[in-house]
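# Commentary on secondary and tertiary structure
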There are 4 protein chains.
Amino acid sequence: MTIEDKAQPRSARPDRLRLGMVGGGQGAFIGAVHRIAARMDDRYELVAGAFSSEPDRSSKSAAELGVASDRAYATYQEMAEAEGRRDDGIDVVAIVTPNHLHYGPVRAFLEAGVHVICDKPLCTSLDDARDLVDRVDRSGKVFVLTHNYTGYPMVRQMREMIASGDLGDIRVVQVEYVQDWLSTKLEETGQKQAAWRTDPAQSGAGGCIGDIGTHANNLAAFTTGLKLESLCADMQTFVEGRRLDDNCHVLLRYEGGARGMLWSSQVSPGNENGLKIRIYGTKAGLSWHQEQPNHLDFTPLGEPPRLITRGGSGAGTSAGRVTRVPPGHPEGYLEGFANIYADAAELMASIAEDREPESDALLVPTVRDGFDGMAFIAAAIESSRRGGVWVRPETLVADV
Amino acid sequence: MTIEDKAQPRSARPDRLRLGMVGGGQGAFIGAVHRIAARMDDRYELVAGAFSSEPDRSSKSAAELGVASDRAYATYQEMAEAEGRRDDGIDVVAIVTPNHLHYGPVRAFLEAGVHVICDKPLCTSLDDARDLVDRVDRSGKVFVLTHNYTGYPMVRQMREMIASGDLGDIRVVQVEYVQDWLSTKLEETGQKQAAWRTDPAQSGAGGCIGDIGTHANNLAAFTTGLKLESLCADMQTFVEGRRLDDNCHVLLRYEGGARGMLWSSQVSPGNENGLKIRIYGTKAGLSWHQEQPNHLDFTPLGEPPRLITRGGSGAGTSAGRVTRVPPGHPEGYLEGFANIYADAAELMASIAEDREPESDALLVPTVRDGFDGMAFIAAAIESSRRGGVWVRPETLVADV
Amino acid sequence: MTIEDKAQPRSARPDRLRLGMVGGGQGAFIGAVHRIAARMDDRYELVAGAFSSEPDRSSKSAAELGVASDRAYATYQEMAEAEGRRDDGIDVVAIVTPNHLHYGPVRAFLEAGVHVICDKPLCTSLDDARDLVDRVDRSGKVFVLTHNYTGYPMVRQMREMIASGDLGDIRVVQVEYVQDWLSTKLEETGQKQAAWRTDPAQSGAGGCIGDIGTHANNLAAFTTGLKLESLCADMQTFVEGRRLDDNCHVLLRYEGGARGMLWSSQVSPGNENGLKIRIYGTKAGLSWHQEQPNHLDFTPLGEPPRLITRGGSGAGTSAGRVTRVPPGHPEGYLEGFANIYADAAELMASIAEDREPESDALLVPTVRDGFDGMAFIAAAIESSRRGGVWVRPETLVADV
Amino acid sequence: MTIEDKAQPRSARPDRLRLGMVGGGQGAFIGAVHRIAARMDDRYELVAGAFSSEPDRSSKSAAELGVASDRAYATYQEMAEAEGRRDDGIDVVAIVTPNHLHYGPVRAFLEAGVHVICDKPLCTSLDDARDLVDRVDRSGKVFVLTHNYTGYPMVRQMREMIASGDLGDIRVVQVEYVQDWLSTKLEETGQKQAAWRTDPAQSGAGGCIGDIGTHANNLAAFTTGLKLESLCADMQTFVEGRRLDDNCHVLLRYEGGARGMLWSSQVSPGNENGLKIRIYGTKAGLSWHQEQPNHLDFTPLGEPPRLITRGGSGAGTSAGRVTRVPPGHPEGYLEGFANIYADAAELMASIAEDREPESDALLVPTVRDGFDGMAFIAAAIESSRRGGVWVRPETLVADV
């Protein structure tokens, strides 16, 4: 291994994509993350936005972000229409609004012929999700759902190792996403993130299960390739008066016989963003923790456990492709997020250039993953409402 | 803190108890552990035994262990009778046989007026368990079940902190006991431990759930004081041809509203004896891992996480009482086990001396904990057999 | 704490600084890091460069990086002159060449009235270093040395805690920077990074001591504020035929009585970029590891150790100011590096706007830190060459 | 691997050795540790003692420990004489007094024909040390110095791996033993351990260097087999008014070219018993930490780091021999200490039975290791007193 070979930061490209943004104005959290992610590899330039439902906030945000005032829109509808008409209109839009404001913008920009990068969960109902799958399919446009954790090099590494048989047949999946920030009724203090995430009108029917449980479920699916057959959920709302779940216990049964457990919580003191996965097969185990994302524990049966590090000698090509700096120089959340943006750029470039994309760029989460997430949420809620019975998540007819 | 004050190894006592043993001959594992545990604080002297069902093995073991040949018995029945008659007969017997050989010896030695220390699980059926509760109650003898992990200082510390309200109201319990040694069909290789632990005739109806799942369930109950209300289990036998479960996923509902998840597995590569517990309340969290037993993570909501170390400034009186060496000098499995033996000795001494025992000695697991373990196993098996439905474990009538 | 308050990614600015670069063409490592760091907060736009001493490579790199061909220069001299003349000439230059090519460019761009961001170590001789201090002082320009580790939020946190007395009087500093990539004679394989870093003509008289030992020394000085009084070094070249040191053991004496040890190595298998510091005072200790940079261990005497996390409740204002994402979402090497760039931008803006800079922006390493680094290298080499005697590093007369 | 094969607790032996003890009465610390260590494997029975220099305390201690009153002696001289005359006199004595009371008892018991187990450091002067080497050699008796950390299975594993060439040629040794309990002037509070350990009349000329620095030095020698050629020490007394060193920085040069650093401290808040060693060779590295003694990191150059666990698949025969319980069930300080006692018993048995001992029993630290420790202390003190110059530790003439 040489530092040079393994960890060359990807060179920037002069041909930046024109990026628009819906949401992400002052006081928002995830919008700024998307912007840094987009900038990291120099493939995007932010040129337009409907940054807030409050016009004043939107134009102020635009000014701060260096977006020309005539491309700071009051509504996403107006933006989709205007940008769709411009010769130098945006190539792609990032939708970073609360969940109830995903469906409308996705639909509007697809109709305007714009690629879409959209926050998760996909939307707020299974019907809308099904509709969006159909619309994306017909549009010919790139649609990327920011299940951003799939962008971490060591997550790609897990997928590659499992796909290549390093674990044998998967038996057990243990996945969890645990936080503590909603341990008290933060939504009553004016904290904006807490307010919308615990409000069914903005979040949809799922609270914790939709906000972070879907990340856990997606991570398990992404790394193992397993399909969820049924689940049994016991969901709680521990903080009195809260309107959505804040802790979820879920048993999982996968097609082919693997079994799993999923825990998501926002009321467990001492946990910041504890997304962890442990996967066990007939031949070996793997475990990974988002808070130490550059390391991966690989435990072949009957051999000493091994530490696989990003950029290190145990890392494969899939991880190497999304590695920017040498081993021991940690990459983090923003770099993982940026990998999703870089792969999305590659997909769009492949269309523009009428060529096959790099195969790993196809790993980015799609609208189908968005549908699966919505089906997972719906099944968990139904299971728990019925007292904790086994429920089979819906699937797309086309997939059957 | 001074090393002297916090960590004085407990002084040995001249008044050793006369100890007998059933099981634990050559080739056994847990018998030797019991013997070291008994010796650690110099409160016991091994003087008699029925070490094996094979008479030759039993007498050979006796010779090795320094037990006089006339007190090496061929059967536990013979031993109970003979020792019960001797003036210098054993004070207490340790029963370290496979599960199906617990009930008989417990009953025989109680009838012979001998205190009993017995391995877990208590026996192999709920009816037997109920009967033993009754027999112990009537006997006036000490009965200690070696749920040995409750002897770890940091486990006592967790119990003390939770009882004193440091966590507020408990909301979530995550507990697991994970191993890998049965990932293949080891029982077919002649490995004795694997053979009996996967044999329903010797283990009872539970495999993994009985062998280690009960430890996890007991640890949750011991530390939190919560009572299990109902559970939903999904149990698997991953190794083909195995006759008992080797992986168990269980959802837990406790009285009062706390919820939990329990995972026990013997087929997860890379796990040796991964007994871990994480407990979250309204005010704080605690987490502990058996493989690093001298450390405890305490995470008060809204404050930096704190590390509580055995013997360190954060440790309380309950942990201090069972601490032998200074902080930073690790104690382990044998010391924790020995604490159970030391507490059992204290209970017996208090009876002999007609006085109250030290209150912490009453923390040792009893026949009632044994019953709860059997009820847990039975409920999990029933739940899983019925496809994963919610089942309420049986309770002792007297407790209702 | 709210996610919103603690971890708002800093908004991008429309008023980007025009950035030029010397070095950093194809095959280089650190140039790409500088470019990402510059982009992270959207305060810079790369518009010119002399990317390589090979003109063809330089212009190819320019094309890849979106730099106009008329601003891709063959030499830094040409670039300094041309950019100095342009109305829209660069505001600032990043010098990312091997060490022997620092002095010339720094001097040329200062003379051209351009701010300078320069890689460490400052140059290759103490005389040059002294000269550069003088030149920077007279120029009125911003000069920032990329001792990038000082940009990590938790490193700023250490500095703040020590300055505010949380540790009491410092007694002991243990610092190390350990790698393994030069365990074999990699410089003979054509690996470019290894080649120049082990070549005295390009690196200067220090190998490991200059490449990473200076980072360790700087980190100790930055966090504690202590001034080095004398040192005793034992340096080795373990790989046969290598021309510079690859392992360095150094004893440190600080003014005021604190004592320390410094270890830097590039031949210790299993270490990637193991930069660690542990600092002990009369009241508490602190320890930090670059490979897990979001965590800081704080150990007040006689109290349980506490974990301070980036963005968490124990983090102060200095760390909070350079935090982009919520606690539990790891930031890494690039974000720390970007903080240096953001602070440099703030310093330049404060000059342009004729106002005081944010006080924390003054924490960026300066040319004086560069001089101290050169004095450290020189003293270590002299000490070791003389068999390991105590040597007092040179200081700037102005400082006496 | 099977639990049975790898981790059979060693069976107890009926032929217990008769053990006497000098020191270790009420209020002592290490005496109780020795007693537990002696009991662990049932090879010793404590039958005599001079437990304290205060006769009343000695006889009270004897009573508590079950030692007959006629074998509770007022002085070690009386004890050596009386026991030497008895037919059933002690086979071996454990000397667990402060350092200044090692030489006399060792000499007396050797003269009485009794084997000796003695605490470290060996004595308080190099002359005494040299004399004891000679006396032991002439006595034909077993002499074991309780550098107890060499009894840890993973420490034996390190030695085995290095001896077998797994690391290639050793280049660098980093070793440290760090505590915090003397960060304040504890010796003035009446704390007995602090009082004698900081008193030159009882400790000898070394404070921290003798108390724990010798352990670090011995650990490096034991695991690597390297011989110390010279050292350069910078020792401090940070606590005002303390009479001995409490923090020591030492550079090490080994014969053959390896280099090292040694840090011992008793004033570094947050450290309990932080004995750590890291060893790097041309082919791989090893690191071990006494507070997590069951794990060993093995880092072959160019391969993923591996975790070797006590009892696990990576552990060799030397570690396996001193392993009592299965992997994942932690062993600790007392078990490591007990391994020294078990090996001492094996050496004594081999003499009694006129046979070769098990070869690994010869690994126990001897009087020669004791001499080397005294030479290390003396050299460090001389080096530091002369301002930090390089000093060659004395060696035994016989070894030259």
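Residues numbered from 1 in each chain as written. Chains lettered and ligands numbered in written order. Predicted model: local features only at pLDDT ≥ 70, side-chain atom pairs only at ≥ 80, totals over all residues.

Further remarks concern the overall build of chain A. Assigned secondary structure in chain A consists of 13 helices and 14 strands. For chain A, the C-alpha radius of gyration of 21 Å lies close to 21 Å, the compact-globule estimate for 400 residues. Taken along the three principal axes of its C-alpha coordinates, chain A extends 65 × 55 × 40 Å. Here chain A holds 400 residues, and 65% of them are scored as buried. When contacts within chain A are restricted to residue pairs at least 6 apart in sequence, those whose partners lie at least 24 apart make up 70%. (Helix = DSSP H or I, 4+ residues; strand = E, 2+ residues; numbered from the N terminus. Rg over C-alpha atoms; globule rule 2.2 N^0.38 Å. Buried ≥ 20, exposed ≤ 12 C-beta atoms within 10 Å, placed from the backbone. Contact = placed C-beta atoms within 7 Å.)

What follows concerns helix α13 (residues 367-385) of chain A. All names here are of chain A. Look at α13: 27 Å from first C-alpha to last across 19 residues, which is about the 27 Å you get at 1.5 Å a residue. By the criterion of burial, α13 is predominantly enclosed, with 16 of the 19 residues buried. Count one or two residues on from α13 and you reach G387, which has phi positive near 95 degrees. (Expected span 1.5 Å × (residues − 1).)

Glancing now at helix α10 (residues 208-224) of chain B. Residue and element names in this part refer to chain B. Between the first and last C-alpha of α10 there are 23 Å, a value that for 17 residues agrees with the 24 Å anticipated at 1.5 Å per step. Remark: the principal bend of α10, roughly 35 degrees, maps to T214. Phi turns positive one or two residues past the end of α10, at G225, with a value near 75 degrees. (Bend = angle between axes of the 7 residues up to and from the residue.)

Moving on to unusual backbone geometry. Apart from glycine, the bulk of residues carry a negative phi angle, and the bulk of peptide bonds sit in the trans form. Residue A:K120 is joined to A:P121 through a cis peptide bond whose omega torsion reads -10 degrees. Along the polypeptide, A:P121 turns up in the loop between β4 (115-118) and α6 (126-139). In the Ramachandran plot, D:D42 falls in the positive-phi region, its phi being about 65 degrees despite a non-glycine side chain. Residue position: D:D42 is located in the loop between α2 (30-40) and β2 (44-50). Phi angles above zero are rare outside glycine, and D:D354 is one such case at about 50 degrees. Checked against the element boundaries, D:D354 lands in the loop between α12 (333-352) and α13 (367-385).

Take the relation of the copies chain D and chain B next. Superposition record for chain D on chain B: RMSD 0.0 Å, screw rotation 180 degrees, translation along axis 0.0 Å. Both copies are brought into coincidence by an operation consistent with a two-fold rotation axis. Using C-alpha coordinates, one finds that chain D approaches the rotation axis most closely at D:G332, a distance of 2.6 Å. Of all interface residues in chain D, 100% are interface residues in chain B too; the two copies therefore contact each other through one and the same surface. (Least-squares fit on C-alpha atoms with pLDDT ≥ 70 in both.)

Right, let's get into the interface of chain D and chain B. Taken together, the contacts link 43 residues of chain D with 44 residues of chain B. Broken down by secondary-structure element, the contributors of at least two residues to the side of chain D that touches chain B are α1 (3-6), α2, α3 (55-65), α8 (192-197) and α12 of chain D. Considering only residue class, the side of chain D that touches chain B consists of 17 nonpolar, 15 polar and 11 charged. (Nonpolar A, V, L, I, M, F, W, Y, C, P; charged D, E, K, R; others polar.)

Residues and elements named next belong to chain A. The predicted model of chain A averages 94 in pLDDT, with 96% of residues at 70 or higher. Scored below 50 in pLDDT, residues 1-13 shows 40 contacts in the model against residues more than four places distant or in partner chains. If you check the scores for this complex, the pTM reads 0.96 and the ipTM reads 0.95. (pLDDT = per-residue confidence, 0-100.)

Counting residues at the interface gives 11 residues for chain B, matched by 11 residues for chain C. Grouping the amino acids of the side of chain B that touches chain C by side-chain chemistry returns 5 nonpolar, 4 polar and 2 charged.

Turning our eyes to something else, we now look at the sheet that holds strand β5 (residues 143-145) of chain A. Residue and element names in this part refer to chain A. Pairing is parallel in the open sheet, where 5 strands are placed in the order β2-β1-β3-β4-β5. Because the sheet does not close on itself, it has two edges, and the strands there are β2 (44-50) and β5. Taken over all neighbouring pairs, the strand axes of this sheet differ in orientation by 20 degrees on average, direction set aside. Here β4 pairs with β5 via 3 bridges, running parallel. Note that in β5 the partner of C118 across the bridge is L145. Helix α5 (residues 103-111) rests against β1 (17-22), β3 (92-95) and β4 of the sheet, and its axis sits at about 160 degrees to β4. (Pairing = 2+ DSSP bridges. Axes fitted to C-alpha atoms, helices over the stretch in contact; angles between N-to-C directions.)

On to the pairing of strand β6 (residues 170-178) of chain D, then. Residue and element names in this part refer to chain D. In terms of burial, β6 is a largely internal element, 9 of the 9 residues being buried. In this sheet, strand β10 (residues 274-281) lies alongside β6 in antiparallel orientation, the contact comprising 8 bridges. Following the sheet pairing, V178 is matched in β10 by G274.

Below, the discussion takes up the relation of the copies chain B and chain C. Each copy superposes on the other: chain B lies on chain C with an RMSD of 0.0 Å after a rotation of 180 degrees and an axial shift of 0.0 Å. Mapped onto chain C, 100% of the interface residues of chain B again fall at the interface, so both copies present the same surface.

Turning next to the pairing of strand β12 (residues 295-300) of chain B. Residue and element names in this part refer to chain B. Examined bridge by bridge, strand β11 (residues 284-289) and β12 share 4 bridges and lie antiparallel to one another. Note on β12: the bridge partner recorded for L286 is F298. Joining the antiparallel neighbours β11 and β12 is a turn of 5 residues. Two strands pair when backbone bridges link them, and β12 and strand β13 (residues 306-309) are joined in this way by 4 bridges, in the antiparallel orientation. Residue H295 lies in a different strand from β13, and its bridge partner there is T309.

With that out of the way, let us pick up the environment of A:D372. Relative to the helices and strands, A:D372 is located in helix α13. Distance in space between the C-alpha atoms of A:D372 and A:F109 is 22 Å, their sequence separation being 263 residues.

A separate point is the environment of A:F222. Secondary-structure assignment places A:F222 in helix α10 (residues 208-224). With 175 residues separating them in the primary sequence, A:F222 and A:V397 have C-alpha atoms 21 Å apart.

Turning our eyes to something else, we now look at the domain arrangement of chain A. How big an interface is tends to be stated in terms of accessible area lost as the parts join. Residues and elements named next belong to chain A. Structurally, chain A comprises domain 1 (3-148) and domain 2 (150-324 + 367-385). A C-alpha centroid distance of 25 Å is found between domain 1 and domain 2. Contact with domain 1, which involves 24 residues of that partner, is made by 27 residues of domain 2. For the side of domain 1 that touches domain 2, the secondary structure elements donating two or more residues are α6 and β5. Counting residues per element, the side of domain 1 that touches domain 2 draws most heavily on α6, at 6 residues. A per-class count over the side of domain 1 that touches domain 2 returns 14 nonpolar, 6 polar and 4 charged. (Domains from an automatic or database assignment.)

What follows concerns the sheet that holds strand β2 (residues 44-50) of chain B. Residues and elements named next belong to chain B. Spatial ordering of the open sheet is given by β2-β1-β3-β4-β5, a layout of 5 strands whose pairing is parallel. The two strands at the open ends of the sheet, each matched to only one other strand, are β2 and β5 (143-145). Strand after strand, the sheet turns through a mean of 20 degrees between neighbouring axes, direction not considered. Bridge count for strand β3 (residues 92-95) against strand β4 (residues 115-118) is 4 bridges, and the pairing is parallel. Across the sheet, the residue bridging to I95 is C118, located in β4. Its contacts with the sheet put helix α2 (residues 30-40) on β1 (17-22), β2 and β3, and the angle it makes with β2 is roughly 155 degrees.

With that out of the way, let us pick up the packing of helix α4 (residues 76-85) of chain B against helix α5 (residues 103-111) of chain B. Residue and element names in this part refer to chain B. Two elements in contact, α4 and α5, have axes whose closest approach is 9 Å; the angle formed by their N-to-C orientations is 15 degrees. With respect to α5, the element α4 is oriented roughly parallel. The handedness of the crossing between α4 and α5 is right-handed. In this structure, α4 uses Y76, Q77 and A80 to contact α5, whose residues at the interface are G104, P105, A108 and F109. Tallied by class, the residues present in the contact of α4 with α5 amount to 5 nonpolar, 2 polar and no charged. (Parallel < 35°, antiparallel > 145°, perpendicular 65-115°, else oblique. Left-handed = near helix turned anticlockwise from the far one by under 90°.)

In this section: the environment of D:G320. All names here are of chain D. Position of G320 relative to the elements: it lies in helix α11 (residues 317-321). The exposure class of G320 is partly exposed, given the 18 C-beta atoms found within 10 Å. Once the C-alpha coordinates of G320 and M154 are considered, the two residues, 166 residues apart in sequence, prove to be 9.3 Å apart.

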